Amino acid sequence: MHELNCPTCNTPSQYDFKNYLLVCSFCSATFRFHLDSGEKEVYNDHYIIPTTMDAGSVKNLVQEWLRRMHHQPGAISKEYFITDIQGVSIPHWVISLEAHTAWKGLVRKSGKIFEGNNVRNFIEEHGNFYRSYRWCVSSRKNIFEYWGLDRLHVPKEQIRVDWDGFPLDSTFSRGRITESKGVERSAYDVKEFFEYKFANGLPILDIEIGEEEAMRRARIHVDRYHFELAKLNVDSLIDYETLFEIAGIQLIHLPIWEATYIYSPDNFLRHIQAPKERNLVFEGYTSGVLKGELAVIRQDKLQINAMICLALSFFLMFLGVIWHSSFFLVSIFTLGVAGVSYYISSVAKHRAELEKEDKQAEMPQKSGAGKLGKSAA
Ligand SMILES: [Zn+2]
């Protein structure tokens, strides 16, 4: 930490020079400090979207989400325990860009039943499309510092997302559980020039990454997304190009809430199964669920089943020894059930691990889903 005088209000304060931009804690001025020249450069395009939530409303939303996801809504208060709720204001570079994509590929002719990849079965097609985005790239070095923030983009197309950037407009309007009043305007429209008071009590995270890196990463993200979109048109993509027009870049602190809960069933299973932590991520403007983990999944139940059958099998074997030999037969059958349950759960677990990255909460997608790509630059 080093002491500097703010270029705007001249108040001396401690700053960490590892950060790309420095923010005065007295007047909220944002500036760059060039170590080599000692020059301070005020940065004006710094905004913040105030959160409309507090820890209490987040708790209510988590309970509402659990009620909707659970087959027994009445059991929520006895079986689910919210252990942590944290809100945070995370800086993002928001790049307004247009991406123009041209593609060429081969499409299999319909109605042909010829076998094999005979060239006459395919026709060449080409096309182009463009979309505009307000593409967000985190200006934090560690995108994993909070759960679930590494994959916030949920396209309406069936595409596997493996980039960490996301379009602001479709992300900050999806996953709403309840109709929130007074949030008809988009998150982008309600942004304020950055001042600490607009954080509404959320901690403000430092700005660690510069805009050049952010723009480069945004291009990579959108290029990969459009590459996947282009592939949807053809059976085999043979040429592809995306050109970018960058209209502007701003720094916006976005409100995010993270909730952690544990599930502990209200029966004897509580003593068998160690409670697992699960997470939910909300955006703090329209209270949309950006990501959520469900508590009980099928393989957990199967594993419990396997354990119970195994215990029962040993008990029946014991009865076979001290009472009547026919219990051995039932014991072997129960052992078989235990084995099958365990096998199925292992297969399911393996499959779940493969699909883990794609797993999203099955929330009804409201207004946000159809908005992708139509945001004005
Ligand atoms: Zn100041």
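Residues numbered from 1 in each chain as written. Predicted model: local features only at pLDDT ≥ 70, side-chain atom pairs only at ≥ 80, totals over all residues. Heavy atoms only, no water.

Novice: What should I look at first to understand the nonpolar core in this one?
Specialist: Across soluble globular proteins, nonpolar side chains show a tendency to be buried alongside one another. If you look at the biggest cluster of nonpolar residues, it comprises 25 residues, and the most contacted ones within it are Leu21, Trp93, Ile95, Leu97 and Trp135. Among the elements of the structure, β7 (80-108), β8 (122-138), α4 (211-231) and β11 (236-263) are those that each provide at least two residues to this core. Per element, the largest residue contribution to this core is five residues, and it comes from α4. Shared between two domains, this core takes at least three residues from each, and those domains are domain 1 (2-43) and domain 2 (48-295). Listed in part, the 22 residues of the second largest apolar core include Cys136, Leu149, Phe166 and Tyr285. (Core = buried A, V, L, I, M, F, W, Y, C linked by side-chain atoms within 4.5 Å. Buried < 20%, exposed > 50% of the residue type's maximum accessible area, 1.4 Å probe, protein only. Helix = DSSP H or I, 4+ residues; strand = E, 2+ residues; numbered from the N terminus. Domains from an automatic or database assignment.)

Novice: How should I be thinking about the coordination of the zinc ion in this particular structure?
Specialist: Octahedral six-donor coordination of a metal ideally yields angles of 90 or 180 degrees, compared with 109.5 degrees for tetrahedral four-donor coordination. Those donors, Cys6 (SG), Cys9 (SG), Cys24 (SG) and Cys27 (SG), are the protein atoms that reach the zinc ion, and they lie 2.2 to 2.3 Å from it. One chain supplies every donor for the zinc ion, spaced along it as C-x2-C-x14-C-x2-C. For Cys24, a relative accessible area of 0% translates into the label buried. Residue Cys27 is classed as partly exposed on the basis of its relative accessible area of 30%. (Donors = N, O, S within 2.8 Å, 3.2 Å for Na, K, Ca; no water.)

Novice: Which parts of the structure should I look at to understand the sheet that holds strand β5 (residues 39-42)?
Specialist: Either a parallel or an antiparallel arrangement is found when strands of a sheet pair, and the pairing is made through backbone hydrogen bonds. The strand order β3-β4-β5 describes an open sheet built from three strands, whose pairing is antiparallel. Because the sheet does not close on itself, it has two edges, and the strands there are β3 (22-23) and β5. Summarising the sheet, β3 and strand β4 (residues 30-34) pair through two bridges and their orientation is antiparallel. Counted as the bridge partner of Val23 is Thr30 from β4. (Pairing = 2+ DSSP bridges.)

Remember, this is a structural readout, not a statement about activity or role.
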